[in-house]
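Inside the fold
This is what each chain is made of:
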Amino acid sequence: MNNPHLNTNMKDKKFILDNPHLKENPFNVPEDYFDTNAIKIIAKIHSTSTETFNVPEDYFETNVLKLQEKLLSNSSKNVFIYPEGYFENTEKKLFKEIQSLKPQKRRIIPLIRTIGIAASVTLFILTTYILLQPKPNSHSEITKNKDCQTLACLTKKDISKDIEYLDEADIEEAVSEQDIEKHFNSKNYPSPSTTNSNIVNETF
Amino acid sequence: MQYKANSPFLYPMTPAEIDKKILELIAHPDQHNQALKLLIDTYQKRLYWQIRRIVIHHDDADDALQNTFIKAWQGLKNFNQNSSLFTWLYKIATNEALQILRKKAQEKNIPYDEVAHYLSNSLTSDPYFKGDEIQKKLQQAILRLPEKQRIVFNMRYYDELSYEEMAEILDTSVGALKASYHHAVTKIEEYLLNQNE
């Protein structure tokens, strides 16, 4: 079915909705609908009030005071009594007590001190251990390790033990001439002149 | 149209001034009826047409409009003045209209998705529908749209609301609304062209 409104300028899809005729309101309302609607809605709002039961104005606000009065007038019916002015003074008393409480001092052990003590103990144990270790014979150690094959490497004990088996030639062979000369030229050794005179004096 | 009462020159009040006046009147219990009348007189037509385009039939629109004002009145004391009164009322009206459609689905014992189809068929029997054939086709095309696209199209095409206003009413982003409107227009144009062939 061809519609005259569509045929005029709406062959192109893009312009269909631009037609002012389409934008016209196709719906209708009963006569005087909007004029009478306000009254109708106001009446309905009043009739559908959610509060079916009403209370006098300021009822809840004044009710608390009324109840307080009633309770005070009937206070003699209370089986429990309290000292006069108890509630008035309780607040002040509690406040004073709280203020008088001194904050407890907490013992603080510094971490550095603990670590220091632990380190000292460890050091002491280590030192004791090292000192109590049996001392190795340093000389024999040297002689064991060194393979010099000379008299210098022998201990006094070895020498005193073996000296009787050594003859003069062995000693001369073991000690170089240079060492002997050096020994005799040293300051600790007395000069031959003084020695000889002493010998002479002793002889005569 | 509302005029400023205390002014020596009568000039119409702006929507913001009307909103302010309504809220001022509500603050005084003895002026509640005056406030209610001003509220209804100011907004009933715009809200009615928004509802009517969703529910189609006048009787349903009338019910939804009454419910809208009842709910608005009950919540007006707690109205958050961050948005305009109209935006807030429009939101209530849209929800009430959709509520009527849900009730209709229950009454007719049909799924909610088929309510629009039912309304489309009953359009001609409505005594308060005066549109010609092509206007009826347009309404049928709108009723074929998904619910959100239908609302967005009506708001934009008939009420000419801005996307920002629509976003506030429908709690959606402007981008999503533009997309919805574009899809709606495409579908309607296709439907109308096919019907005309």
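Residues numbered from 1 in each chain as written. Chains lettered and ligands numbered in written order. Predicted model: local features only at pLDDT ≥ 70, side-chain atom pairs only at ≥ 80, totals over all residues. Heavy atoms only, no water.

**With respect to the overall build of chain A**
Threshold: Secondary structure follows DSSP: runs of H or I at least 4 residues long count as helices, runs of E at least 2 residues long count as strands, and numbering of each begins at the N terminus. Working definition: with a 1.4 Å probe on protein chains only, accessible area under 20% of the residue-type maximum means buried, over 50% means exposed, and in between means partly exposed. Accessible surface area values rest on a Shrake-Rupley calculation with a 1.4 Å probe, where residue burial reflects the displayed protein chains alone.
Within chain A, the regular secondary structure consists of 11 helices and zero strands. Along chain A, helices and strands appear, N-terminal first, in the series α-α-α-α-α-α-α-α-α-α-α. Residues classed as buried in chain A amount to 10% of the 204 residues present. When the accessible surface of chain A is summed, it comes to about 19,200 Å², and 59% of that surface belongs to carbon and sulfur atoms.

**Notes on helix α6 (residues 111-132) of chain A**
Rules: Helix span, as expected, comes to 1.5 Å for every residue beyond the first.
Relative to the 32 Å expected for 22 residues at 1.5 Å per residue, α6(A) spans 32 Å between its end C-alpha atoms, a close match to the ideal helical length. Little of α6(A) sits out of view: just zero of its 22 residues are buried.

**Comments concerning the packing of helix α6 (residues 133-143) of chain B against helix α7 (residues 147-157) of chain B**
Each packed pair of helices is defined by two parameters, the angle between the axes and the distance between the axes. All names here are of chain B. Put simply, the rule is: Every axis in this analysis is a line fitted to C-alpha atoms, fitted for helices over the stretch in contact. Angles between the N-to-C directions lie between 0 and 180 degrees. Angular relationships are summarised with four words: roughly parallel below 35 degrees, roughly antiparallel beyond 145, roughly perpendicular across 65 to 115, and oblique for the angles in between. For this analysis, residues touch if any pair of their heavy atoms sits within 4.5 Å. Charged means Asp, Glu, Lys or Arg here, nonpolar means Ala, Val, Leu, Ile, Met, Phe, Trp, Tyr, Cys or Pro, and polar covers whatever is left, Gly included.
As a packed pair, α6 and α7 sit with axes 9 Å apart at the nearest point and diverge in direction by 135°. Relative to α7, the element α6 is oriented oblique. Residues L138, I142 and L143 of α6 touch α7, and the partners they reach there are R150, F153, N154 and Y157. Among the residues making up the contact of α6 with α7, the classes are represented as five nonpolar, one polar and one charged.

**Things to note about a negative patch on the surface**
All names here are of chain A. The line we're drawing: Only residues above 30% relative accessible area that lack a salt bridge enter a patch, with like-charged residues linked at up to 9 Å and the nonpolar side chains Val, Leu, Ile, Met, Phe, Trp and Tyr linked at up to 5 Å. Salt-bridge detection follows one rule: a side-chain nitrogen of Lys or Arg within 4 Å of a carboxyl oxygen of Asp or Glu. By the counting rule applied here, Lys and Arg register as positive and Asp and Glu as negative, while His and the ends of each chain are not counted. Where a charge sits is defined by one atom per residue type, namely NZ (Lys), CZ (Arg), CG (Asp) or CD (Glu).
Taken together, the side chains of D167, E168, D170, E172, E173, E177 and E181 make up a negatively charged region of the molecular surface. Take the negative patch: its biggest share by element is four residues, from helix α9 (residues 168-174). Looking at the element boundaries, E173 is found in helix α9.

**What about the interface of chain A and chain B?**
For clarity, the cut-off: Reported buried area values correspond to the accessible surface (1.4 Å probe) lost by two parts on association, with both partners' losses combined.
The interface of chain A with chain B comprises 35 residues on the first partner and 45 residues on the second. Between chain A and chain B, roughly 3,900 Å² of surface is buried when both sides are summed, and carbon and sulfur atoms account for 65% of that area. Area buried by chain A at its contact with chain B is led by L17(A), F27(A) and F34(A), which between them contribute 20% of it. At the boundary of chain A with chain B, the tally comes to two salt bridges. Of the charged contacts in the structure, one is a salt bridge between K23(A) and E160(B), with a shortest N-O distance of 2.8 Å.

**Describing the packing of aromatic side chains**
Which entries qualify depends on this criterion: What counts as a ring pair is set by centres within 6.5 Å for rings of Phe, Tyr and Trp (its six-membered ring), and what kind of pair is set by the plane angle: stacked under 30 degrees, edge-to-face over 60, tilted for all other angles.
Tallied over the full model, the rule gives 12 aromatic pairs over all chains. Judged by centre distance (5.8 Å) and plane angle (20°), the ring pair of F153(B) and Y181(B) falls under stacked. A residue pair is termed long-range when its members are at least 10 positions apart, and F153(B) in helix α7 and Y181(B) in helix α9 (residues 174-196) qualify at 28 residues. The two residues F153(B) and Y181(B) agree in class, both being buried. Considering the side-chain rings of Y157(B) and Y158(B), the 5.1 Å spacing of their centres and the 80° angle between planes classify their relative orientation as edge-to-face. Accessibility classification places Y157(B) together with Y158(B) in one group, the buried group. Of the aromatic side chains, those joined through ring pairs into one cluster are Y33(A), F34(A), Y48(B) and W49(B).

**Let's talk about helix α3 (residues 58-75) of chain B**
Helix length check: α3(B), at 18 residues, gives a terminal C-alpha distance of 25 Å against a target of 26 Å (1.5 Å per residue), a fit within 8%. Along α3(B), the residues classified as buried are H58(B), D60(B), A61(B), D62(B), A64(B), L65(B), Q66(B), T68(B), F69(B), I70(B), A72(B) and W73(B). Looking at the buried residues of α3(B), the elements they touch are α3 (33-47) of chain A together with α1 (15-26), α2 (32-55) and α4 (85-108) of chain B.

**Brief notes about the pattern of salt bridges**
All told, the structure shown has nine salt bridges over all chains when counted by the stated rule. Salt-bridge contacts for D62(B) lead to K40(A); the nearest nitrogen and oxygen are separated by 3.3 Å. With D62(B) in helix α3 and K40(A) in helix α3, this pair bridges two chains. Exposure remark for D62(B): the relative accessible area of 11% places this residue in the buried category. For E96(B), the salt bridge is made with K71(B), and the minimal N-O distance between the two is 2.8 Å. In this pair, E96(B) is assigned in helix α4 and K71(B) in helix α3, connecting sequence segments 25 residues apart. The class of E96(B) is buried, set by a relative accessible area of 7%.

**So, a nonpolar patch on the surface**
Taken together, the side chains of I117(A), V121(A), F124(A) and I125(A) make up a nonpolar region of the molecular surface, amounting to roughly 430 Å² of accessible area. Considering the arrangement of structural elements, one finds I117(A) in helix α6.

**Observations concerning the environment of I188(B)**
Mapped onto the fold, I188(B) is located in helix α9. Relative accessible area serves as the criterion here: at 0%, I188(B) is assigned to the buried category. Distance from I188(B) to Q140(B), taken between C-alpha atoms, is 9.1 Å for residues 48 residues apart in sequence. Excluding its chain neighbours within four sequence positions, the residues that come into contact with I188(B) are L17(A), L138(B), A141(B), I142(B), L145(B) and F153(B).

**Focus: the confidence of the model for chain A**
For any part of a model where pLDDT is low, the fine detail of the predicted coordinates should not be relied upon. Residues and elements named next belong to chain A. Heads up, the rule is: pLDDT gives the predictor's per-residue confidence on a scale running from 0 to 100.
Summary statistics for chain A give a mean pLDDT of 70 and a share of 53% for residues scoring 70 or more. Within chain A, α6 carries the highest mean pLDDT (91), whereas helix α11 (residues 192-203) carries the lowest (46). Across residues 194-204, where pLDDT falls below 50, the model places one contact with residues more than four positions away in sequence or in other chains.

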